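What follows is the residue order along each chain.
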Amino acid sequence: NEVIETDILIVGGGPAGLSCAIKLSQIFKTWEKKPEITVIEKAREFGSHQLSGAVFDPVSLNELLPNYKNLNPPLETLVAEEKVYYLTENDKFQLPIPPFLSNHDNYVISLSRLTRWLAEIAEKEGIMLIPDTPGDDLLLDDKGGVCGIVTKEKGIDKNGQRRSNYQEGIHFKAKVVILSEGTLGSLTRKAIKKYNLDAFRQPQIFATGVKELWKSAKPLKPGQVIHTLGYPLSSSEFGGAFLYTYQDNKFCIGLVIGLDYSNPYTDIHYQLQNLKRHPKMAGFFEGGELLEYGAKTIPEGGLLSVPKLYGDGFLILGDSGGLVNLMKLKGIHLAIKSGLLAAETVAEAFNVGDFSSEILKHYEVLVKNSFIWKELKLSRSFRCGFTFGPAIGLLNAGLSYMLGGFSPITFQLEAGYTHMKNKRNFTVVERYFDEKITFNKLTDVYYSQAIHEENSPSHLVIKDPSTCITKCKEEYGNPCENFCPANVYEYIKDKSEYIHINFSNCVHCKTCDIMDPYQVIEWVVPESGGPSYKNL
Ligand code: SF4
């Protein structure tokens with residue numbers, strides 16, 4: 001295998017990884033011997049796998065780049081107006097805005113654009129940025145610590161044979177590896193498992209969010225932030241919706257659902273279509289044009305699920321470490337802050353020439369002394385409260401916020417897929433789409449611009465396919481057809497019975513890996529490809 005040596009390897013070029021790289025470069029400016037920083041990213045372009053709501057708190061960006069306003073950042077839309085509604089099937093009721101949802105001085109942004117902008121800054125700093133390079137495995141040194149990673153081999157055909165363009169995985173060797181791969185990062189998972197980093201923690205729990213970007217036919221005031229509870233979700237489902245307006249009469253709509261629902265027919269993509277049909281929402285879409293579509297998962301466990309964030313030779317940042325403030329519906333500012341704290345720790349490690357956990361553990365101390373931990377503490381019972389429905393959830397959120405995060409409703413939650421119930425308890429809902437305001441999944445996938453090399457092995461591995469057509473079909477009716485927001489899984493019955501995997505459609509959200517009730521689906525990194533988000 002080709003070997004590339006670098007000093008610091010950052011795996012994942014999202015806001016956490018790129019902020020860490022830029023901060024390191026700033027610190028090294030005055031150093032005589034500057035360590036080399038390399039960022040690898042699985043997307044073909046930096047930013048094209050990045051999706052978020054997103055209302056952005058610039059607090060950490062300001063710390064990284066105090067002059068950011070002069071650097072032409074993609075932050076055109078300041079929040080101008082905020083509303084929270086409870087939706088019934090046909091009506092809406094305005095609710096008071098809880099203090100933790102207040103977005104004064106925040107921006108409505110596109111995370112894919114913010115990431116591209118950070119990548120440009122990193123490039124100008126002379127940092128080595130390598131896209132289209134997914135990390136596949138960890139490299140270990142003689143003492144069992146992390147000393148690098150192996151990238152995914154390329155040029156394997158769907159039968160597992162080498163094609164003429166075959167390339168072995170590259171061995172990137174580094175003194176320290178920074179894992180900032182986003183939700184359920186492949187290497188982060190391996191590190192957590194190998195080093196038992198989640199011992200005595202609540203299992204991480206997740207939500208899936210789907211989002212569409214639209215151009216309105218009518219003029220829209222930029223900076224409107226609308227959050228909703230209620231319809232189309234049932235009272236037993238955790239989640240909510242958002243609608244944000246940008247410049248040029250563009251707006252986005254999104255729906256998030258906790259991945260601990262019980263109904264195997266739940267289809268978040270279809271629920272988003274139902275939301276757009278709602279009498280109080282449909283007006284936004286009439287005559288408008290769909291521009292983009294995407295999906296992602298969000299770690300929701302908060303403080304109780306954060307794993308140990310370091311080990312010999314490595315650190316874990318941002319969403320990979322579950323650093324998301326669910327109560328504020330925000331994680332980007334925490335991701336950036338974790339990148340800055342990791343940079344401080346790594347610089348100290350280079351100063352003393354020691355990359356063992358003895359030095360790198362300082363990162364976790366910094367995280368715990370920063371506003372990251374303060375926010376996570378304040379919101380630690382938020383998710384637990386909503387297991388009793390939205391009314392108790394909101395009441396608990398308000399009370400615990402006033403009590404500095406304390407709440408008697410703080411307990412460990414089980415992994416979400418364990419809540420799925422037998423299909424006989426539910427009815428199948430017939431789906432319909434008008435292809436003007438509401439679209440079927442395949443049409444929406446087209447707007448994600450997801451693509452994978454068709455003649456390569458599927459990166460979605462069903463470890464025991466017989467389970468799908470026996471137990472899973474009987475018990476849950478193959479819920480993979482419903483929970484995948486990109487129409488990847490298809491039950492086929494012709495001469496034989498099987499689940500066909502349209503892996504080319506995959507938008508890398510990882511819902512299937514999380515929500516499969518038998519846990520037989522594994523999302524592994526593909527050699528290349530994925531969605532191509534421009535403004536999500
Ligand atoms: Fe998401 Fe899995 Fe569907 Fe890909 S196959 S889009 S990771 S649910």
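Described in the following lines is the structure provided in the data block. Fair warning: this is a prediction, and the values are worked out from it, not measured in the lab.

**Points about the overall build of the protein chain**
Each helix and strand in the protein chain was counted, giving 14 helices and 26 strands. The C-alpha radius of gyration of the protein chain comes to 22 Å, within 12% of the 24 Å expected for a compact globule of 536 residues. C-alpha atoms of the protein chain, sized along the principal axes, occupy 65 × 60 × 45 Å. Buried positions account for 60% of the 536 residues belonging to the protein chain. Taking the contacts inside the protein chain whose residues are at least 6 apart along the sequence as the reference set, 77% of them involve residues at least 24 apart. Entry remark: accessible area of the protein chain is about 22,300 Å², with carbon and sulfur atoms responsible for 51%. Placing the 57 positive and 63 negative side-chain charges of the protein chain at their respective mean positions leaves the two points 3 Å apart.

**Concerning the state of the cysteines**
Covalent bonding between the sulfur atoms of two cysteines defines a disulfide. All told, the structure shown has zero disulfides when counted by the stated rule. The closest cysteine sulfur to the non-disulfide-bonded Cys 480 is located on Cys 468, 6.3 Å from its own sulfur.

**Some thoughts on the pattern of salt bridges**
Going through the model one piece at a time under the given rule, you end up with 23 salt bridges. Among the charged side chains, a network of salt bridges with common partners joins Glu 81, Lys 83 and Lys 221.

**Quick look at the packing of helix α6 (residues 332-352) against helix α8 (residues 371-378)**
Between α6 and α8, whose axes approach to 10 Å, the crossing angle comes to 140 degrees. The segment α6 lies against α8, with His 333, Leu 334, Lys 337, Ser 338 and Leu 341 engaging Phe 371, Ile 372, Glu 375 and Leu 376. Within the contact of α6 with α8, the residues separate by chemical class into five nonpolar, two polar and two charged.

**A word on the nonpolar core**
Ile 8, Leu 114, Ile 149 and Tyr 363 are the most contacted members of the largest nonpolar core, which totals 76 residues. Considering every element that reaches this core, the biggest residue donor is α6, with twelve residues. Look past the residues within four positions of Tyr 363 in its chain and what remains in contact with it is Leu 309, Leu 315, Ile 316, Leu 317, Leu 323, Ser 338, Leu 341, Ala 342 and Thr 345. Counting 71 residues, the second-largest nonpolar core is a separate cluster that includes Leu 184, Trp 214, Phe 251 and Leu 272.

**Comments concerning the site of the ligand**
Lining the immediate surroundings of the ligand are 13 residues, of which Cys 484, Cys 506, Cys 509, Lys 510 and Cys 512 lie closest. Counted by class, the shell around the ligand contains eleven nonpolar, one polar and one charged residues.

**Some thoughts on the side chain of Ser 370**
With respect to the helices and strands, Ser 370 occurs in the loop between α7 (357-368) and α8. Separated by 2.8 Å, the side chain of Ser 370 and the backbone oxygen of Val 367 make a polar contact. Engagement of the side chain of Ser 370 in a polar contact is seen with the backbone nitrogen of Ile 372, the distance being 3.1 Å. If sequence neighbours within four positions are ignored, Ser 370 has contacts with Lys 337 and Leu 341.

Conventions adopted
- Residues numbered from 1 in each chain as written.
- Predicted model: local features only at pLDDT ≥ 70, side-chain atom pairs only at ≥ 80, totals over all residues.
- Heavy atoms only, no water.
- Helix = DSSP H or I, 4+ residues; strand = E, 2+ residues; numbered from the N terminus.
- Rg over C-alpha atoms; globule rule 2.2 N^0.38 Å.
- Buried < 20%, exposed > 50% of the residue type's maximum accessible area, 1.4 Å probe, protein only.
- Contact = heavy atoms within 4.5 Å.
- Areas by Shrake-Rupley, 256 points an atom, 1.4 Å probe, with all protein chains shown as cover.
- Lys, Arg positive; Asp, Glu negative; His and termini not counted.
- Charge placed at Lys NZ, Arg CZ, Asp CG, Glu CD.
- Disulfide = S-S within 2.5 Å.
- Salt bridge = Lys/Arg side-chain N within 4 Å of Asp/Glu carboxyl O.
- Axes fitted to C-alpha atoms, helices over the stretch in contact; angles between N-to-C directions.
- Nonpolar A, V, L, I, M, F, W, Y, C, P; charged D, E, K, R; others polar.
- Core = buried A, V, L, I, M, F, W, Y, C linked by side-chain atoms within 4.5 Å.
- Near = heavy atom within 4 Å.
- Polar contact = N/O pair within 3.5 Å; in protein donor to acceptor, adjacent residues only side chain to side chain.

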